[in-house]
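Understanding the architecture of this molecule
Listed below, chain by chain, are the residues.
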Amino acid sequence: MRKSVNRPPTPDAGENQEKEPSVREIVNIKLIESGEKERLMELLRERLIECGWKDEMKALCRAFVKKKGRNNVTVDDLIHVITPKGRASIPDSIKAELLQRIRTFLVSAAL
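In this text, all values refer to a predicted model and were calculated from it rather than measured experimentally.

A separate point is the confidence of the model for the protein chain. Across the protein chain, pLDDT averages 88, with 84% of residues at or above 70. The least confident element of the protein chain is helix α1 (residues 23-34), whose mean pLDDT is 92; the most confident is helix α2 (residues 36-50), at 97.

Two side chains of opposite charge can pair, provided their charged atoms sit close to one another. Under the criterion given, the structure shown has 6 salt bridges. Note that R47 is salt-bridged to E50, the shortest N-O span being 3.7 Å. In this pair, R47 and E50 both sit in helix α2, 3 residues apart, roughly one turn of the helix. Judged by its relative accessible area of 23%, R47 falls in the partly exposed class. Here the residues in one salt-bridge network are E36, R39 and R101, joined through shared partners.

Turning to the nonpolar core, a few remarks are in order. Counting 15 residues, the largest nonpolar core has L31, L48, W53, L78, I90, I94 and L98 as its most contacted members. At the level of elements, α1, α2, α3 (53-68), α4 (75-88) and α5 (92-108) are the ones that each hand at least two residues to this core. For W53, the residues in contact, after removing those within four places along its chain, are L48, G86, S89 and I90.

What follows deals with α3. In a regular helix each residue adds 1.5 Å, so 16 residues correspond to 22 Å; α3 covers 23 Å between its end C-alpha atoms and thus fits that length. For α3, every residue scored as buried is listed here: W53, M57 and F64. All buried residues of α3 fall inside an arc of 40 degrees around its axis, so they share one side. Projecting away from the buried face of α3 at angles above 90 degrees are the exposed residues D55, R62 and K66. Turning to α3, the residues buried within the fold contact α2 and α4. Positioned one or two residues after α3, G69 has a phi angle of 100 degrees, which is positive.

Between its first and last C-alpha atoms α5 spans 24 Å; for 17 residues at 1.5 Å apiece the expected length is 24 Å, and the two agree. Three or more residues of α5 are buried, namely I94, L98 and F105. Here the buried residues of α5 occupy an arc of 30 degrees about the axis, which is enough to place them on one side. Away from the buried face of α5 by more than 90 degrees, exposed residues D92, S93 and V107 are located. Those residues of α5 hidden inside the fold are in contact with α1 and α2. After α5 finishes, the residue A110 shows a positive phi value of roughly 60 degrees.

Here α1 crosses α2 at 85 degrees, and the two axes come no closer than 5 Å. In terms of axis orientation, α1 runs roughly perpendicular to α2. Listed contacts from α2 to N28, L31, I32 and S34 of α1 are E36, K37, R39 and L40. Classifying every residue of the contact of α1 with α2 by side-chain character gives 3 nonpolar, 2 polar and 3 charged.

Rules used throughout
Numbering of residues starts from 1 in every chain and runs along the sequence as written. Only residues with pLDDT of at least 70 get local features here, since the model is predicted, and only at 80 or more are side-chain atom pairs given and counted; chain-wide, interface and lining totals rely on the full set of residues. Only heavy atoms go into the side-chain values, all of them from the structure, while hydrogens and water stay out. Per residue, pLDDT captures the predictor's confidence, and it can take any value from 0 to 100. Per the convention used, a helix needs a DSSP run of H or I reaching at least four residues, while a strand needs a run of E reaching at least two, with both numbered from the N terminus. Salt bridges are identified by distance alone: a Lys or Arg side-chain nitrogen within 4 Å of an Asp or Glu carboxyl oxygen. Exposure is judged per residue with a 1.4 Å probe applied to protein chains only, and the accessible area is read against the type maximum: over 50% gives exposed, under 20% gives buried, and values in between give partly exposed. In plain words, nonpolar cores are sets of buried Ala, Val, Leu, Ile, Met, Phe, Trp, Tyr and Cys residues tied together by side-chain atoms within 4.5 Å. Residue contacts are counted whenever heavy atoms from the two residues lie within 4.5 Å of one another. Helix span, as expected, comes to 1.5 Å for every residue beyond the first. Starting at the helix axis, one direction is taken to each C-beta atom, and the arc is that of these directions. The angle between two axes is taken between their N-to-C directions and runs from 0 to 180 degrees, where each axis is a line fitted to C-alpha atoms and a helix contributes only its stretch in contact. Every angle not falling under 35 degrees, over 145, or within 65 to 115 is termed oblique; those three ranges are roughly parallel, roughly antiparallel and roughly perpendicular. By the convention adopted, Pro, Cys, Tyr, Trp, Phe, Met, Ile, Leu, Val and Ala count as nonpolar, Lys, Arg, Asp and Glu as charged, and the other residues, Gly among them, as polar.

As structure tokens, then:
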């Protein structure tokens, strides 16, 4: 904002214009509109269950609750502790499969 002694500040030209959506936002919109995002989420759920990731995360949560005491743990505590471990332990093969599906979608959607 520019300031003046004689008048109130006037907004810069770019501040009032709406920003252009990023490529990431455009891709996300297209994934949602086509229903592909939901299909990818379901595929991810299936693959994580098949490889035992879900059971592993459940065991980590139970161990954390047992260690801290049932009444001393909040959901936020669990999320804070388990999320980094969960993200790091997703098998590379699942990540690669999802990435390939996204690439295929982008090619077919001509984005």
